[in-house]
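Each chain, written out:
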Amino acid sequence: TESENILGYFVNVERIPNSCSDSPNRVFLKDRKILLNLSMAYYRVNISAYNEVGESPQAVYIVPEFFATGLPGQIHVKRQGTNAVVTWTPEYNPKCFVIDWGTGKEDMHMKIVTTAAGNFTLDNFQPYKLYKIMVHASDVCQCESFITHEKTFGVTHFYFIEGVPRTGPTNVTILNITKHSALVKWNEIAAENRLGFLQGYRIGYTDSSRKKSLSVTLNSSTTSYHLTGLKEKTIYRVQISGFTNAGEGPLTLSQPFSTPKYGTVEPL
């Protein structure tokens, strides 16, 4: 607010996590902007102003997570005992690799590899949690230089052990009901409830007499399905589940609807 009294700004750029013993990179600025060329690792930026009297409290900015396409490498992860082995293509041998892995910026591990290797072995994995694994390359191997020199080589996601979804999809609704058809829509299963890579959904419906039933398997990007071949003036019940490589999760609550006789929906 007293900009005429400000002599400049201190900007600290801190990597998350940072296994180096050095302090965050500190930059002195006169202007109120800075261009940072960063890798896809997590970063915290602390900004403070200073004048002849002293330094202000810091404003903290967390660089938001972003997704890049066209990274130079493809990362592959395979479970091996209690650890995971990371390999990559194409082959690339910079002076050192920096690997980050964890479930989010509050739970990341960092490993620096300065020897030529064909793979990395990582630990600290738990079942049913989605891990993000980032491999960065640097041609300068001093710890204090990683922030400015590392470039992201590849990124992948990994479940050490997959489970079945703990819930089905949410907000199942039946729309556009006619004598012989209806549109079923739903919201995808939330990421924290998947417990594995979601492979798809199974939608099933049964009429009130249980003489007519159908089960359809859909891919994981599908959030609607058009039911056809229905019988007029009949009550149907719909249930949906999601599945991963570990199996099928629980069905949603039975969702009833009634087909009309003359083209208008009759309430249940």
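Residues numbered from 1 in each chain as written. Predicted model: local features only at pLDDT ≥ 70, side-chain atom pairs only at ≥ 80, totals over all residues. Heavy atoms only, no water.

## Looking at the side chain of Thr244
Right, on to step 1. Along the chain, Thr244 turns up in strand S17 (residues 235-244).
Right, on to step 2. Only 2.7 Å separates the side chain of Thr244 from the backbone oxygen of Gly163, close enough to count as a polar contact.
Right, on to step 3. With sequence-adjacent residues up to four places away left out, Thr244 is seen in contact with Glu162, Gly163, Val164, Pro165, Arg194, Gly196, Phe197, Leu198 and Gln199. (Helix = DSSP H or I, 4+ residues; strand = E, 2+ residues; numbered from the N terminus. Polar contact = N/O pair within 3.5 Å; in protein donor to acceptor, adjacent residues only side chain to side chain. Contact = heavy atoms within 4.5 Å.)

## Concerning the domain arrangement of the protein chain
Right, on to step 1. Split into domains, the protein chain comes out as domain 1 (8-63), domain 2 (75-159) and domain 3 (173-259).
Right, on to step 2. Here domain 2 and domain 3 have C-alpha centroids that lie 40 Å from each other.
Right, on to step 3. Counting residues at the interface gives five residues for domain 2 and five residues for domain 3.
Right, on to step 4. Both sides of the domain 2 and domain 3 interface together cover about 360 Å² of buried area, and 71% of this is carbon and sulfur.
Right, on to step 5. When the buried surface of domain 2 facing domain 3 is broken down by residue, Tyr128, His157 and Tyr159 rank first, second and third, together holding 91% of it.
Right, on to step 6. Summed over the shared surface of domain 2 and domain 3, the number is zero salt bridges.
Right, on to step 7. Our enumeration of links across domain 2 and domain 3 arrives at one residue pair in polar contact (both at pLDDT 80 or more). (Domains from an automatic or database assignment. Buried area = accessible area lost by both parts, 1.4 Å probe. Salt bridge = Lys/Arg side-chain N within 4 Å of Asp/Glu carboxyl O.)

## Describing the sheet that holds strand S7 (residues 96-104)
Right, on to step 1. In space, the four strands of this open sheet follow the order S8-S7-S10-S11, with antiparallel pairing throughout. The open sheet is flanked by strand S8 (107-113) and strand S11 (151-159), the only strands paired with a single partner. Strand-to-strand, the axes of this sheet are offset by a mean angle of 15°, without reference to chain direction.
Right, on to step 2. Of the pairings in the sheet, the one linking strand S10 (residues 130-138) to S11 comprises eight bridges and is antiparallel in character. By the bridge assignment, Met134 is partnered in S11 with Val155. (Pairing = 2+ DSSP bridges. Axes fitted to C-alpha atoms, helices over the stretch in contact; angles between N-to-C directions.)

## Remarks on the sheet that holds strand S16 (residues 224-228)
Right, on to step 1. Judged by pairing direction, the sheet is antiparallel, and its three strands sit side by side in the order S12-S13-S16 without closing on themselves. The open sheet has two free edges, formed respectively by strand S12 (170-175) and S16, since each of these has just one partner strand. Along the sheet, successive strands turn relative to each other by an average axial angle of 20°, direction set aside.
Right, on to step 2. With five bridges joining them, strand S13 (residues 181-187) and S16 adopt antiparallel strand pairing.

## Observations regarding the pattern of salt bridges
Once their charged atoms are close, side chains differing in charge can pair, the charge on each being opposite to the other.
Right, on to step 1. Taken as a whole and judged by the stated rule, the model has seven salt bridges.
Right, on to step 2. Between Glu232 and Lys179 there is a salt bridge, with its nearest N and O atoms 4.0 Å apart. Here the residue Glu232 occupies a position in the loop between S16 and S17, and Lys179 occupies one in the loop between S12 and S13, the gap between them amounting to 53 residues.
Right, on to step 3. Residue classification places Glu232 among the partly exposed residues on the basis of a relative accessible area of 32%.
Right, on to step 4. Arg194 is the partner of Glu188 in a salt bridge, and the nearest nitrogen-oxygen pair spans 3.5 Å.
Right, on to step 5. With relative accessibility at 47%, the residue Glu188 sits in the partly exposed group.
Right, on to step 6. If you follow the salt bridges from partner to partner, you end up with Arg15, Asp100 and Glu150 in one network. (Buried < 20%, exposed > 50% of the residue type's maximum accessible area, 1.4 Å probe, protein only.)

## With respect to unusual backbone geometry
Right, on to step 1. Cis geometry marks the peptide bond from Ile16 to Pro17; its omega dihedral reads -5°.
Right, on to step 2. Mapped onto the elements of the fold, Pro17 is located in the loop between strand S1 (8-16) and strand S2 (25-29).
Right, on to step 3. Here the phi dihedral of Tyr128 falls at roughly 65°; this positive angle occurs in a residue that is not glycine.
Right, on to step 4. Relative to the elements of secondary structure, Tyr128 occurs in the loop between strand S9 (120-122) and S10.
Right, on to step 5. At Lys233, a position not held by glycine, the phi torsion is positive, near 50°.
Right, on to step 6. Note on Lys233: relative accessible area 52%, which makes it exposed.

## Things to note about the pairing of S7
Right, on to step 1. The buried fraction of S7 amounts to eight of the nine residues, a majority that puts the element mostly inside the structure.
Right, on to step 2. Direction of pairing for S7 relative to S10: antiparallel, over a ladder of seven bridges. Bridge assignment links Asp100 to a residue of S10, and that residue is Met134.
Right, on to step 3. Where S7 lies against S8, seven bridges are found, and the strand directions are antiparallel. Looking across to S8, one finds that Trp101 is bridged to His109.

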